[in-house]
Every structure is written in structure tokens, then in C-alpha cells.
Amino acid sequence: MTDESNVTPGRFSGLSNKLIAAIIAVILLVEIIVYLPSLATFRASWLDDRLRVGIVAARVLDAVPDVMALPRNLTDRLLTSAGAHAIVYRRAGQSQLIELAEPVTPERVVTADMRQRDLPSLIVGALDTLFAGPGRTLRIVGEGDLDESLIEILMPERPLRSDMIDYSRNIVLASLGIAAVTAFALYMLVSRLFILPVQRLTSNILRFRKAPENATLILAPTQRADEIGTLERELSAMESELFAMLRQQRHLADLGLAVAKINHDLRNTLTSAQLLSDQVATLDDPKVQRLAPRLVTTLDRAIGFAQSVLDYGREAASVPQPTPVSLKALVEDAAFEAHLVGHPSVVFSASVPEDLVVYADVGQMTRVLVNLLKNAREALEASQKPGEHRIDVTASAEGAVATLDVTDNGPGLPPRARDNLFVAFEGSARAGGTGLGLAIARELTEANGGTLRHVDIEQPGTRFSLTLPKDIHSL
């Protein structure tokens, strides 16, 4: 038996791990969705700050009539404060340029037009800057503080990319912290509400499976009103019923073993009595001749009852071995074994297509058909009804199953037999019967994937309908 510790997951394994991973994954996905607009906003704010420095420089340009007269150290400080190589101010068709004393010739220039403020453009620009290689020069274009004015700043992209990487790192660390704290809090909540009760149910099922006869292992349900509470109550009820059923089955098995032993000895005793009755029947005494047949009949009935009980006790060991078999051949063999072929007072007819093949165990289904035909024959033989006695067998195929009907025109079934038709020791239709025949017949039929049922008919008589699969795929 598998050790319970090797089957039941721990507190932080199995379903718990999946739950924590799912929570963290969802939180990180949300953070990623939020991160992209946030990164785009950070980049736009960073560029706007540089544009504001450029606007300040443009105001200086407006205040000085001759830009060339500006001191070089002042223009260098303006450019350094903006982190730029050059600033261009355009207004009314005129352009003014401030550049370093030693102009820089950029190799690769990328334009960031801050006049386009839609979110998709900002996100695309942010991703482009973040994943770009080193050495690019950024051309920032924005509107000035006056009408129809324009500011252009030429600067290296590296400071912007470095700040964006630092910002992203902070976002990742904050996201991981939020995800961890949130996942832990949600886990503790969900663990208390769901995981621990499920683990309790799982552990109980494993323990009860090992020792279902131990009543102390039956689950004690809580007062929860949700689905888990319903599961606990249903599991507790099922375990209680299973415990009671196993206990009853054990008692019945012990009782059945005792009855089988008694029945076996009784059958041997009755067999000896039958041998003595056969010898008594040969005597010439008129009284003996009158009483002997009744004695022989009674002993035969008692021996048959004992043998039926023994056969029923051994029936569970029979496992069906289904094979394709002709239904017509089954009916013909069963009719022969049921002593219907050439019967002096019972007319037997079988209308079964030659090509109708079923998938069943030959021996078991022959036994079922023999039982049905024999019951019909005995009912007709015991009947005092005048006229022709008939047993008709008809068969047809519909879809994946074949249907066989056994009908007789006898007196029909009494109400008590009809109510308990397939119940062992209860459904006998004749005096002295055990009621085992139809119970065994139904068990064998269902074991072969078919059904057996009684069908009500208008005219006097009895009809049983038997269905069987036509091939293995119908099972």
C-alpha cells in the first residue's frame, strides 16, 4: 500500500505551488500591462524637461539681438544644462542655432517628435529607446512657448536610456515585491478557505481507503454552507454507508459460507434419500406405489433447490469472454437443451435472421436463453389452459444492438413474481422454485453488455426482451 506521506502533497506543494505561481503570474502580467504606459510617460516627461530647458535658451536668444555676440561660456552652460549638443529655435520662418564650441557630428540620429502625444506612439518610442544600441543621437522636436514657434534639441540618447533602465529596474523590483506580498496574502486566505479543506478531504479518503472497516476514520463534516461543506457531508455519508455495507457484506459472507456448508451436507443427505426412494419405488405394495412418486418428486425438488443455491454462490467467479457468434445458432442450441425440439405438447418457432451476429460469451448467453425457454416450457406444461401451447422467438437488429424476444401464450406471471422478478429467492413464478434463474440470467446479460427485461403484452402469456451488442464497439 502506498504511504500517505508520499501521496498527499504538502502545504507548499501540489495545488499550493500552482496557486502561488498563478497569482504571481497574473500580478506580473498586470504590472507589464501597466509598465508600458508608465515607461512611455516617464520618457515623455524626461523629454519635456529637456524641451523646457531649450525654451529657456530660446528666450535668451530672443533677448539678445545678435546671437553671435553671446559669450561662448554662456552658450556652453545653456547647452550643458540641457545635456545637448545643439539647440535650434524656429519662429516666423527664422532659425537660430546654439551649438557647442566644438560641434559634434552625429552618426545615427533618431527623431522624438513630442507633438505626437498619443499613447501608442509614446509606447513605441519608449521601447525603441530602451532596446536601442549605444551611440545614437536624439533629435527632440517640440513646440515653443510662443505661437508657431518650434524647439529642436540635438543630444545623445544614452542619458535617456540609462534613466529609463534605472526606472525599469525600480519598477521590476517594486512589482516583484507587490507580487510576493499579494501572492502570500492571497495564498493564506485561499489556503484557509480551500486548500487546507481539500487536503483534509484527500487525507481522509486515503486513510479510509486503507481501512474502510474502521469507523473512527469516517469524516466529521464541518458546518460550511458552500460546495466544500456539501462535499464534506456527502463524503461522510458515503463513508458511513460504505462502512455499514462492508459490515453487512462480511456478515452475509460468513452466513453464506455457513449456509453453503449446510446446503452441501443437505444435498448429500437428500441424494442418499433419493437412492433409497428409488429402491422403495420398486416394491409391489400398492400403498408404496401410490406414495413413492410424490416422495421422489419432493426429493428431486429439494436436491434441485440445494444445487441452485450452490451454483448461485459460485456464479461470481465466472468472467465473460465475448466473441462474435450467430444469434440463430445460440437460439437453436438453447432450444435443444431446453427440450423444446420435438416436444409433444409445445410448439416452438424461431424467427432469427441467419446473418444476425452478436458479441457475447457463448456459454453464458446459451445459459440465459436456456433459462428463458425452460421457464416458458415449464409454465406451459403446468398450465391447464386448453388449446395450442406456443413459444415464439423473434429477433431484429437496430443500430448497434440486436433485440431478441421470447414469448409464450401461457397463463402469465403472478403479481408476486412480477414485482420481484429479478430478485434472488423472491422472483419464482412456480411453487418450489428458488427465483435464482432470472436473477442469474440478468446478471449474465448485463455482464455481456446487454439488458434483460419483462415486457407487458395484451394477450395472455409472458414476454422477455433481451438486447445484446452487435460488435465490440457497442459495449
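Residues numbered from 1 in each chain as written. Predicted model: local features only at pLDDT ≥ 70, side-chain atom pairs only at ≥ 80, totals over all residues. Heavy atoms only, no water.

## A look at the overall build of the protein
Secondary structure assignment for the protein yields ten helices and twelve strands. A total of about 27,700 Å² of accessible surface is found on the protein, and carbon and sulfur atoms cover 59% of it. (Helix = DSSP H or I, 4+ residues; strand = E, 2+ residues; numbered from the N terminus. Areas by Shrake-Rupley, 256 points an atom, 1.4 Å probe, with all protein chains shown as cover.)

## Side note on the side chain of S168
Residue placement: S168 occurs in helix α4 (residues 158-210). In this structure S168 comes out as buried when scored by relative accessible area, which is 9%. Setting aside residues no more than four positions away along its own chain, S168 makes contact with Y35, L39 and L130. (Buried < 20%, exposed > 50% of the residue type's maximum accessible area, 1.4 Å probe, protein only. Contact = heavy atoms within 4.5 Å.)

## Points about the sheet that holds strand β11 (residues 451-455)
In spatial order, the strands read β7-β9-β10-β12-β11; together these five strands make up an open sheet with mixed pairing. Either end of the sheet is taken by a strand with one partner, and the two such strands are β7 (346-351) and β11. Looking at each pair of strands side by side, their axes are set apart by 15° on average, direction ignored. Judged from the eight bridges that link them, strand β10 (residues 401-408) and strand β12 (residues 462-469) form a sheet pairing that is antiparallel. Note that in β12 the partner of L404 across the bridge is L466. With respect to the sheet, helix α10 (residues 436-447) is in contact with β11 and β12, its orientation differing from that of β11 by roughly 135°. (Pairing = 2+ DSSP bridges. Axes fitted to C-alpha atoms, helices over the stretch in contact; angles between N-to-C directions.)

## So, the confidence of the model for the protein
Taken as a whole, the protein shows an average pLDDT of 78; of its residues, 72% reach a score of 70 or greater. Within the model, pLDDT remains below 50 along residues 1-6, and this stretch shows nine contacts once partners closer than five positions in the same chain are excluded. (pLDDT = per-residue confidence, 0-100.)

## Things to note about the pairing of strand β4 (residues 136-143)
Among the eight residues that make up β4, six are buried, leaving the element largely enclosed by the rest of the structure. The pairing of strand β3 (residues 108-113) with β4 spans six bridges and is classified as parallel. Across the sheet, residue V110 finds its bridge partner in β4, namely L138. Taken together, β3, helix α3 (residues 119-130) and β4 constitute a β-α-β crossover, and its handedness is right-handed. Relative to strand β5 (residues 149-156), β4 runs antiparallel, the two being bridged by seven bridges. What sits directly across from V141, in β5, is E152. (Right-handed = clockwise from strand over helix to strand, strands pointing away.)

## Topic: the environment of V370
Inspection of the secondary structure puts V370 in helix α8 (residues 362-382). Note on V370: relative accessible area 14%, which makes it buried. It is 9.6 Å that separates the C-alpha atoms of V370 and L330, two residues lying 40 residues apart in sequence. Every residue in contact with V370, bar those within four places of it in the chain, is listed here: A334, E337 and A338.

## Focus: helix α7 (residues 327-337)
All of the buried residues along α7 are L327, K328, L330, V331, A334 and A335. Buried residues along α7 cover an arc of 160° about the axis, so they all sit on one side. The inward-facing, buried residues of α7 abut β6 (323-326), β7, β8 (357-360), α8, β9 (389-398) and β10. H339, located one to two residues past α7, shows a positive phi value of around 60°. (Arc of directions from axis to C-beta.)

## Describing the packing of aromatic side chains
For the coordinates displayed, the defined rule picks out one aromatic pair. Judged by centre distance (4.5 Å) and plane angle (10°), the ring pair of F42 and Y167 falls under stacked. Here F42, found in helix α1 (residues 15-63), pairs with Y167, found in helix α4; they are 125 residues apart in sequence, far enough to count as distant. (Phe/Tyr/Trp six-rings, centres within 6.5 Å; stacked < 30°, edge-to-face > 60°.)

## Regarding unusual backbone geometry
Backbone geometry at H339 places phi at a positive 60°, although glycine is not the residue there. Within the secondary structure layout, H339 lies in the loop between α7 and β7.

## A look at a nonpolar patch on the surface
Together, V26, L29, V30, I33 and V34 line one region of the surface with nonpolar side chains, adding up to about 460 Å² of accessible area. Structurally, V26 is set in helix α1. (Patch = residues over 30% accessible without salt bridge, like charges linked within 9 Å, V, L, I, M, F, W, Y side chains within 5 Å. Salt bridge = Lys/Arg side-chain N within 4 Å of Asp/Glu carboxyl O.)

## Quick look at the packing of α3 against α4
Put simply, α3 and α4 touch, their axes get as near as 9 Å, and they point 100° apart. Relative to α4, the element α3 is oriented roughly perpendicular. The residues of α4 that touch α3, namely those facing A126, T129 and L130, are L160, R161, M164, I165 and S168. By residue class, the composition of the contact of α3 with α4 is five nonpolar, two polar and one charged. (Parallel < 35°, antiparallel > 145°, perpendicular 65-115°, else oblique. Nonpolar A, V, L, I, M, F, W, Y, C, P; charged D, E, K, R; others polar.)

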